[in-house]
Amino acid sequence: MMLVIDLPGVLDFAEPDATAFWTEKGTLWFASPGSPDSPVFDRYQDYGDGNYIDEHWNEDATDALAETLEATLPKA
């Protein structure tokens, strides 16, 4: 999974090492070393004066993950 983090003048990428996945109220969550619960959803925060944080997940990677999870997880 890849998270794209866009700040004014900065483009960064995060690729967390996920150790577990689950769904909660229609949202995909994951655990990684140092972060026991992180949601997978896009975020945008505008602070005004040209300051913002835009975080979005690489959709191709997230779609592939969802397909893999659907094929491998037991049905509830």
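Data block above holds the structure.
Computed from a prediction, not measured in an experiment: that's the story for all the values here.

Draft legend 1. Representation of the environment of Tyr52. Residue position: Tyr52 is located in strand S7 (residues 51-57). Between the C-alpha atom of Tyr52 and that of Asp6, which follows or precedes it by 46 residues, the distance is 8.1 Å. Excluding residues that lie within four positions of it along the chain, Tyr52 makes contacts with Asp6, Leu7, Pro8, Tyr44, Gln45, Asp46 and Tyr47. A polar contact is formed between the side chain of Tyr52 and the side chain of Asp6, at a distance of 3.5 Å.

Draft legend 2. Broad picture of the nonpolar core. Leu3, Ile5, Leu28, Phe30, Val40, Trp57, Leu65 and Leu69 together form the largest nonpolar core, which totals 8 residues. Elements that contribute at least two residues to this core include exactly strand S1 (3-7), strand S4 (27-32) and helix H1 (59-72).

Draft legend 3. Local environment of the sheet that holds S4. With respect to topology, 3 strands assemble into an open sheet ordered S3-S4-S5, the strand pairing being antiparallel. In the strand order of this sheet, the two ends are held by strand S3 (20-24) and strand S5 (35-39), each with one partner. Neighbour-to-neighbour, the strand axes of this sheet turn through a mean angle of 25°, independent of strand direction. Pairing analysis gives 5 bridges linking S3 to S4, with the strands arranged antiparallel. The residue of S4 that forms the bridge with Ala20 is Ala31.

Calculation criteria
Residues numbered from 1 in each chain as written. Predicted model: local features only at pLDDT ≥ 70, side-chain atom pairs only at ≥ 80, totals over all residues. Heavy atoms only, no water. Helix = DSSP H or I, 4+ residues; strand = E, 2+ residues; numbered from the N terminus. Contact = heavy atoms within 4.5 Å. Polar contact = N/O pair within 3.5 Å; in protein donor to acceptor, adjacent residues only side chain to side chain. Core = buried A, V, L, I, M, F, W, Y, C linked by side-chain atoms within 4.5 Å. Buried < 20%, exposed > 50% of the residue type's maximum accessible area, 1.4 Å probe, protein only. Pairing = 2+ DSSP bridges. Axes fitted to C-alpha atoms, helices over the stretch in contact; angles between N-to-C directions.

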